[in-house]
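Coordinate analysis (summary)
Chain residues, written in single-letter form:
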Amino acid sequence: MASELFADLQGQPLATQLLQSALALQRLAPAYLFSGPDGVGRRLAALRFMEGVLSGGSQDPRERRRLEERNHPDLLWVEPTYSHQGRLISRSEAEAAGVNRRTPPQVRLEQIRDLGRYLARQPLESARGLVVLEQPEAMAEGAANALLKTLEEPGHGLLILLSAAPDRLLTTIRSRCQQIRFTRLPDGVMQAVLAELPDDAGHRALEIAASEPELVALASGSPGALLEHVRLWSSIPEALKERFRNLPQTPVDALGLARDVCEQLEGEQQLWLISWWQTVLWRQQLNRVSVERLNRLRHQLLSFVQPRLAWEVTLLNLMRSHTA
């Protein structure tokens, strides 16, 4: 039954009801937009929905395993990539290869073209090809236009977009997808989801979050986001985090902190550190001008400004405004 199919999707009753109805009535849209915060069940819902599509609305352990392992012959899973030595690699591959991740990964034009060809081809086992596209908001203009063309001629496949920022998608793309909204989870549900994870990652995240309230604030009701924030928080040297709990007091302190950040942290870590530090300083009732300076720093790091210079200017300005 469809209700059993989505049994492990917690805290999303409306999304579950809509997907169950689509399977029960066999009225499937060619494209869906699963929108909502990261880490609240969008990916799990996509897996269970595709399992129902393949199995006629019921559970199927074999199909579930193949989908979760991403080795089903009629499934294409597309995620943002880095360009490295003439080929596209995922974030996990970039981490393993030590690739510079100063800027966020992107969904490339060639990936969208592959996606279109995949949807147009004849499936091998099932009635339709299945494609999941993560973070479609990470598309450049050319890729977005190519996706729009695919949506205008969807063929017989099923496309699911997983987006945490649907407002950044073209209106014409959103209008061609049936939107399924996912919401942030209440604290009790979030804790229950983390506690039920098969390894100790959930319990560890809850333990760390208990003493680091900024991580809970950043997660905003998202179990997956809390896990990611704990991962990044743990990757920052403890001595460096301690120096960020308060603003630098002298120009020497500011310049030294800028140097150490750029020497010790990769781009992804620096961008996360800005969000974490904003939360720390908000709790200390930092004024709006200082928060806007940190937003400007984030934009500069994403715009290929020399990182150390950007940090130096920002930290000096913050120090001066705090001591003025």
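Residues numbered from 1 in each chain as written. Predicted model: local features only at pLDDT ≥ 70, side-chain atom pairs only at ≥ 80, totals over all residues. Heavy atoms only, no water.

Some details on the side chain of Arg66
Note that Arg66 resides in helix 4 (residues 61-68). Take Arg66: its relative accessible area is 10%, and that puts it in the buried class. A polar contact of 3.2 Å, which involves the side chain of Arg66, links it to the side chain of His72. With residues near it in sequence (within four places) discarded, Arg66 still touches Asn71, His72, Pro73 and Glu125. (Helix = DSSP H or I, 4+ residues; strand = E, 2+ residues; numbered from the N terminus. Buried < 20%, exposed > 50% of the residue type's maximum accessible area, 1.4 Å probe, protein only. Polar contact = N/O pair within 3.5 Å; in protein donor to acceptor, adjacent residues only side chain to side chain. Contact = heavy atoms within 4.5 Å.)

Digging into the sheet that holds strand 7 (residues 178-181)
Note on sheets: strands pair through backbone hydrogen bonds, and any given pair is parallel or antiparallel. Ordered by their spatial adjacency, five strands build an open sheet running 2-5-6-1-7, and the pairing between neighbours is parallel. In the strand order of this sheet, the two ends are held by strand 2 (75-78) and strand 7, each with one partner. Geometrically, the sheet is characterised by an average inter-axis angle of 15 degrees between neighbouring strands, direction not taken into account. Here strand 5 (residues 130-134) pairs with strand 6 (residues 158-163) via five bridges, running parallel. Each bridged residue has a counterpart across the sheet, and for Leu130 the counterpart in strand 6 is Leu158. Against the sheet, helix 3 (residues 42-55) makes contact with strand 1 (31-35), strand 2, strand 5 and strand 6, and its axis sits at roughly 170 degrees relative to strand 6, the strand it touches most. (Pairing = 2+ DSSP bridges. Axes fitted to C-alpha atoms, helices over the stretch in contact; angles between N-to-C directions.)

What about the packing of helix 10 (residues 201-211) against helix 12 (residues 223-235)?
For the pair helix 10 and helix 12, the least separation of the axes is 10 Å and the interaxial angle reads 70 degrees. By the criterion of interaxial angle, the relationship of helix 10 to helix 12 is roughly perpendicular. Of the two elements, helix 10 crosses helix 12, and the hand of that crossing is left-handed. Here Ala201, Gly202, Arg204, Ala205, Ile208 and Ala209 of helix 10 come into contact with helix 12, specifically with Leu226, Leu227, Val230, Trp233 and Ser234. Classifying every residue of the contact of helix 10 with helix 12 by side-chain character gives eight nonpolar, two polar and one charged. (Parallel < 35°, antiparallel > 145°, perpendicular 65-115°, else oblique. Left-handed = near helix turned anticlockwise from the far one by under 90°. Nonpolar A, V, L, I, M, F, W, Y, C, P; charged D, E, K, R; others polar.)

Focus: unusual backbone geometry
Positive phi is not limited to glycine here, since Arg70 has a value of about 60 degrees. Take Arg70: it is sitting in the loop between helix 4 and strand 2.

What to know about the pattern of salt bridges
The tally for this structure, following the rule as stated, stands at 20 salt bridges. Here Arg42 and Asp38 are joined by a salt bridge, their closest N and O atoms 2.5 Å apart. Ionic pairing is found between Glu125 and Arg66, a salt bridge with its closest N-O pair at 2.7 Å. With Glu125 in the loop between helix 6 (109-120) and strand 5 and Arg66 in helix 4, this pair connects stretches of sequence that are 59 residues apart. Looking at Glu125, the relative accessible area reads 49%, which means it is partly exposed. Each of Arg43, Arg70, Glu79 and Glu134 takes part in a single network of salt bridges with overlapping partners. (Salt bridge = Lys/Arg side-chain N within 4 Å of Asp/Glu carboxyl O.)

What about the pairing of strand 6?
In terms of burial, strand 6 is a largely internal element, six of the six residues being buried. Here strand 6 shows a buried face lined by Leu158, Ile160 and Leu162 and a second buried face lined by Leu159, Leu161 and Ser163. Bridge analysis of strand 1 against strand 6 gives five bridges, and the strand direction is parallel. Its bridge partner being in strand 6, Ser35 is matched across the sheet by Ser163. What joins strand 5 to strand 6 is helix 7 (residues 141-152), and the crossover it makes is right-handed. (Right-handed = clockwise from strand over helix to strand, strands pointing away.)

Looking at the packing of aromatic side chains
Describing an aromatic ring pair means giving the distance of the ring centres and the angle of the ring planes. This model, assessed by the stated rule, comprises seven aromatic pairs. Where Phe34 meets Phe182, the ring centres are 5.4 Å apart and the plane angle is 40 degrees; that geometry is what we call tilted. Of the two residues, Phe34 is situated in strand 1 and Phe182 in the loop between strand 7 and helix 9 (187-195); the sequence distance between them amounts to 148 residues. By relative accessible area, Phe182 is classed as buried at 4%. Ring centres 4.8 Å apart and planes at 85 degrees place the aromatic pair Phe244 and Trp277 in the edge-to-face group. Of this pair, Phe244 sits in helix 13 (residues 238-244) while Trp277 is found in helix 15 (residues 267-283), placing the two residues 33 residues apart along the sequence. One cation-aromatic arrangement involves Arg70 over Trp77; the distance from NZ or CZ to the ring centre is 4.1 Å. (Phe/Tyr/Trp six-rings, centres within 6.5 Å; stacked < 30°, edge-to-face > 60°. Lys NZ or Arg CZ within 6 Å of the ring centre and 35° of its normal.)

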